[in-house]
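Reading the structure
Single-letter residue listing:
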Amino acid sequence: MGDTKIEYKGKKGFWIAEAFIEILSHYICKAFEQKDISAMPEGLKEIYEDCIDNRSGASIGIVNISLDRYITNDEDALLLVEVLEDTKKIILAEGDEVSVKELNKIEDAKVDESFKIYWNTPVKTSSFVGTLDIMQKMLKGEWESTNHGVWFKGFGHPKTVDPI
């Protein structure tokens with residue numbers, strides 16, 4: 001599985017492994033599902049659909065959260081910032097790590113056996129929260145990087161990079 005670039009406004013964004021976005025999308029979906037999705041603007045509904053496709057494995061090879069495509073105004077951006085804040089709370093409720101058991105449970109829910117990639121290392125919840133922080137900064141216009149790489153703790157990284 002490769003990497004994907006999450007972009008917003010003027011190609012500002014970051015690169016991240018698709019596997020992490022698939023798991024993160026699971027938690028973003030949970031945050032959306034705590035709200036009245038039918039009352040949300042179309043752009044946010046589309047972001048929710050992106051996340052459904054990501055977590056189900058249906059977007060394998062083209063995993064993305066299309067902020068640039070679906071978040072077209074400041075009101076929608078602020079609503080998504082709120083959803084991402086709720087997502088952080090859901091993730092942090094897992095404790096310090098999302099366990100291998102929980103990660104593999106998410107994999108088991110994918111729509112096709114060939115899309116499942118089983119985990120053998122837990123993921124630090126702080127890494128997911130750090131990724132959500134970047135996405136929130138992007139939506140608020142506070143993120144300037146166009147080519148930032150996101151590396152999670154415990155999953156290897158270049159010597160010149162600090163993992164989140």
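Each pair of packed helices can be summarised by the angle the axes make with each other and by the distance between the axes. Direction vectors running N to C along helix 2 (residues 42-56) and helix 4 (residues 74-92) enclose 45 degrees, while the axes themselves pass 9 Å from each other. For the element pair helix 2 / helix 4, the angle class is oblique. Every pair of crossing elements has a handedness; the one defined by helix 2 and helix 4 is right-handed. Here helix 2 contributes Gly43, Leu44 and Ile47 to the contact with helix 4, which in turn contributes Asp76, Leu79 and Leu80.

The next subject is helix 5 (residues 100-108). Every buried residue belonging to helix 5 is among Glu102, Leu103, Asn104, Ile106 and Glu107, and all of these are buried. On the buried face of helix 5, the contacting elements are helix 1 (18-33), strand 3 (97-98) and strand 4 (123-124).

The subject of this paragraph is the side chain of Lys110. Tracing the sequence through the fold places Lys110 in the loop between helix 5 and strand 4. Looking at Lys110, its side chain comes within polar contact range of the side chain of Glu22, at 2.5 Å. One polar contact links the side chain of Lys110 to the main-chain carbonyl oxygen of Phe115, over a distance of 3.3 Å. In contact with Lys110, not counting residues within four places along its chain, are Glu22, Arg55, Ser56, Gly57, Phe115 and Lys116.

Turning our eyes to something else, we now look at helix 6 (residues 125-139). The end-to-end C-alpha distance of helix 6, which contains 15 residues, comes to 21 Å, matching closely the 21 Å that a straight helix rising 1.5 Å per residue would cover. Of all 15 residues making up helix 6, 12 are buried, and the element is well covered by its neighbours. Listed in full, the buried residues belonging to helix 6 are Thr125, Ser127, Phe128, Val129, Gly130, Thr131, Leu132, Ile134, Met135, Gln136, Met138 and Leu139. Of the residues one or two after helix 6, Gly141 is the one with positive phi, at around 80 degrees.

If you look at the biggest cluster of nonpolar residues, it comprises 46 residues, and the most contacted ones within it are Phe32 and Leu67. Among the elements that line this core, the one with the most residues is helix 1, at 10 residues.

So, how was this worked out
Residues numbered from 1 in each chain as written. Predicted model: local features only at pLDDT ≥ 70, side-chain atom pairs only at ≥ 80, totals over all residues. Heavy atoms only, no water. Axes fitted to C-alpha atoms, helices over the stretch in contact; angles between N-to-C directions. Helix = DSSP H or I, 4+ residues; strand = E, 2+ residues; numbered from the N terminus. Parallel < 35°, antiparallel > 145°, perpendicular 65-115°, else oblique. Left-handed = near helix turned anticlockwise from the far one by under 90°. Contact = heavy atoms within 4.5 Å. Buried < 20%, exposed > 50% of the residue type's maximum accessible area, 1.4 Å probe, protein only. Polar contact = N/O pair within 3.5 Å; in protein donor to acceptor, adjacent residues only side chain to side chain. Expected span 1.5 Å × (residues − 1). Core = buried A, V, L, I, M, F, W, Y, C linked by side-chain atoms within 4.5 Å.

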